[in-house]
Amino acid sequence: MVNQVVEIFWEMCCSEAPMSQQTQYRFSFGPWNISEGADPFGPEVRAVFPHEEKFALYRPLGFEGVQFHDDDVVPDLETLSPDQVLKKTATVKTMLGNQGLTPEFVAPRLWFPAQTVDGAYTSNSAADRQYALDRTRKSIDIARALDCKAVVLWLAREGSYIRESKNARIAYQRLLETINQMLDYDKEIEIWIEPKPNEPTDQAYVPTIGHAVALAYASNDPKRVKGLIETAHALLAGLDASDEMAFALAHDKLASVHLNDQNGLKYDQDKNFGGANLRGAFNQVRVLEEAGFGGKGEFIGLDVKAMRTQQGRGVTAHLTNSRSLFLYLVEKVRSWDRIAEGQMIEARDYEALEFAILKHLMGLK
Ligand code: XUL
Ligand code: MN
């Protein structure tokens with residue numbers, strides 16, 4: 001009887017992604033993840049070096065996907081003509097090809113320009129909103145010229161510092177309008193929204209994946225609007241990152257992830273994956289693995305930051321350690337005793353289940 005129940009449970013929980021079809025995970029990061037160590041209180045502590053040299057590090061470190069801001073591809077893109085932008089993009093495309101790398105997405109960097117001080121798509125200024133849309137169209141052009149199918153919207157400045165400064169209802173309508181304009185501008189591009197609840201704004205307008213998925217469904221082409229979930233951003237919203245991922249996966253809306261970690265409600269830390277909460281990291285891997293995430297070529301993105309104390313040129317241990325930790329946790333998920341799990345769930349003995357998980361993570365029988 002118990003075995004029958006366990007089998008039924010197995011069918012319900014795991015049959016969609018049999019563990020035998022093991023996903024070969026592919027990893028990505030952005031050039032900003034090999035940082036020079038500057039923070040709001042001090043300048044760079046390591047030598048700055050060009051993107052080309054960063055690209056050469058990807059493959060040897062075990063990464064094949066590159067995440068871009070638009071101006072990582074085309075520096076000073078505001079000052080260049082459309083032809084110049086395309087020319088520069090072509091040289092980056094060649095560079096990537098030479099290194100065997102795939103561009104995963106391009107994100108309009110809408111948080112640096114003077115025009116976006118009070119928001120981009122949701123600014124109170126019509127001229128500034130137009131600037132944001134024009135810049136976004138340039139990012140789409142760059143993505144397409146790289147043969148890349150996605151643009152990421154981290155809506156950094158869409159929010160408010162004081163509630164009374166903006167009409168939030170109109171702001172949400174403007175976000176939807178912008179998404180539709182993007183879908184209309186290019187009939188193939190996908191829009192991946194990366195929610196974050198705060199920083200730099202006090203209160204951001206798309207704080208969770210639920211908000212992003214609502215925008216997707218309300219858009220003119222819901223299939224092309226998805227989400228990118230960052231661990232730290234979910235934690236800053238007081239939410240569990242694995243549940244946020246599960247929500248997106250249940251709606252077939254998880255396009256990518258930014259795995260990292262966060263030690264409580266502080267500034268956005270971008271700590272190494274698993275560095276603050278190993279069990280939380282295990283659960284994110286478990287949810288991704290059980291859903292077969294990565295099986296359609298999706299990348300495991302790592303948005304981790306090197307410690308300021310780290311010395312050297314082009315420090316990368318935070319990336320390789322986070323990648324290795326992910327793969328160790330994949331092994332932990334695959335070697336987890338599902339039959340015993342099913343029995344404990346059937347018996348509703350969650351005390352036993354919790355202790356078994358903790359022992360499994362510690363390598364104890
Ligand atoms: C911001 C953040 C960004 C985006 C890309 O907190 O996570 O790195 O992921 O711009
Ligand atoms: Mn991120």
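The shown structure was predicted, so the numbers you read here are calculated from the model rather than taken from an experiment.

## As for the packing of helix H7 (residues 209-218) against helix H9 (residues 241-250)
Across the interface, H7 lies against H9 with an axial gap of 10 Å and an inter-helix angle of 15°. Regarding the angle of H7 to H9, the classification is roughly parallel. Between H7 and H9 lies a crossing of right-handed hand. Taking contact as the criterion, the partners of Ile209, Gly210 and Val213 in H7 are, on H9, Glu244, Phe247 and Ala248. Residues belonging to the contact of H7 with H9 are distributed by class as follows: four nonpolar, one polar and one charged.

## Concerning the site of ligand 1
Neighbouring ligand 1 are Trp32, His69, Trp111, Trp154, Glu194, Lys196, Glu230, His233, His258, Asp268 and Asp303. Here His69 contributes a side-chain N or O atom positioned 2.6 Å from an oxygen atom of ligand 1. Between ligand 1 and the protein, one listed contact pairs an oxygen atom with a side-chain N or O atom of Asp303 at 3.0 Å. A total of 290 Å² of accessible area belongs to ligand 1 in isolation, and the protein chains cover 92% of it. Among the residues making up the shell around ligand 1, the classes are represented as three nonpolar, three polar and five charged.

## Overview of the confidence of the model for the protein
In low-pLDDT regions, the fine details of the predicted coordinates are not to be read closely. The predicted model of the protein averages 94 in pLDDT, with 95% of residues at 70 or higher. Confidence over residues 5-20 falls short of pLDDT 50; this stretch has 20 contacts with residues more than four positions distant or in other chains.

## Observations concerning the coordination of the manganese ion (ligand 2)
The protein atoms that coordinate the manganese ion (ligand 2) are Glu194 (OE), Glu230 (OE), His258 (ND1) and Asp303 (OD), at distances spanning 2.0 to 2.2 Å. Along the chain, the residues that donate to the manganese ion (ligand 2) are spaced as E-x35-E-x27-H-x44-D. Taken together, the positions of Glu230 in strand E8 (residues 225-230) and Asp303 in the loop between strand E10 (299-302) and helix H11 (317-334) put the pair 73 residues apart, joining distant regions of the chain. An identical accessibility class is assigned to Glu230 and Asp303; each is buried.

## Considering the domain arrangement of the protein
Taken domain by domain, the protein holds domain 1 (22-307) and domain 2 (328-365). When each unit is reduced to the centre of its C-alpha atoms, the spacing between domain 1 and domain 2 is 34 Å. Facing the twelve residues of domain 1 at the interface are ten residues of domain 2. In this assembly, domain 1 packs against domain 2 so that about 1,100 Å² is buried in total across both faces, 70% of it on carbon and sulfur atoms. Remark: the boundary between domain 1 and domain 2 carries three salt bridges. One salt bridge in this structure joins Glu354 and Arg279, with 3.0 Å as the shortest N-O distance. Taken together, domain 1 and domain 2 are joined by five residue pairs in polar contact (both at pLDDT 80 or more). A class-by-class count of the residues in the side of domain 1 that touches domain 2 yields six nonpolar, two polar and four charged.

## Looking at the packing of aromatic side chains
On inspection of all chains with the given rule, the structure shows eleven aromatic pairs. A centroid spacing of 3.9 Å and a plane angle of 10° characterise the contact between Phe29 and Tyr58, whose relative ring orientation is stacked. Taken together, the positions of Phe29 in strand E1 (residues 26-29) and Tyr58 in helix H2 (residues 51-61) put the pair 29 residues apart, joining distant regions of the chain. The same class applies to Phe29 and to Tyr58, which are both buried. Connected via pairs of aromatic rings, a cluster forms that spans Tyr25, Phe27, Phe29, Phe55, Tyr58, Phe63, Phe68, Phe273 and Phe326.

## Let's talk about the pairing of strand E2 (residues 65-69)
The buried count for E2 comes to five of five residues, which makes it a mostly enclosed element. Residues Gly65, Gln67 and His69 line one face of E2 and the alternating positions Val66 and Phe68 line the opposite face, and both faces are buried. Here E1 runs beside E2; their pairing, made up of two bridges, is parallel. The residue of E2 that forms the bridge with Phe29 is Val66. Of the crossover connections in this fold, the one passing from E1 over H2 to the parallel E2 is right-handed. Two strands pair when backbone bridges link them, and E2 and strand E3 (residues 102-107) are joined in this way by five bridges, in the parallel orientation.

Procedures and definitions
- Residues numbered from 1 in each chain as written.
- Chains lettered and ligands numbered in written order.
- Predicted model: local features only at pLDDT ≥ 70, side-chain atom pairs only at ≥ 80, totals over all residues.
- Heavy atoms only, no water.
- Axes fitted to C-alpha atoms, helices over the stretch in contact; angles between N-to-C directions.
- Helix = DSSP H or I, 4+ residues; strand = E, 2+ residues; numbered from the N terminus.
- Parallel < 35°, antiparallel > 145°, perpendicular 65-115°, else oblique.
- Left-handed = near helix turned anticlockwise from the far one by under 90°.
- Contact = heavy atoms within 4.5 Å.
- Nonpolar A, V, L, I, M, F, W, Y, C, P; charged D, E, K, R; others polar.
- Near = heavy atom within 4 Å.
- Polar contact = N/O pair within 3.5 Å; in protein donor to acceptor, adjacent residues only side chain to side chain.
- Areas by Shrake-Rupley, 256 points an atom, 1.4 Å probe, with all protein chains shown as cover.
- pLDDT = per-residue confidence, 0-100.
- Donors = N, O, S within 2.8 Å, 3.2 Å for Na, K, Ca; no water.
- Buried < 20%, exposed > 50% of the residue type's maximum accessible area, 1.4 Å probe, protein only.
- Domains from an automatic or database assignment.
- Buried area = accessible area lost by both parts, 1.4 Å probe.
- Salt bridge = Lys/Arg side-chain N within 4 Å of Asp/Glu carboxyl O.
- Phe/Tyr/Trp six-rings, centres within 6.5 Å; stacked < 30°, edge-to-face > 60°.
- Pairing = 2+ DSSP bridges.
- Right-handed = clockwise from strand over helix to strand, strands pointing away.

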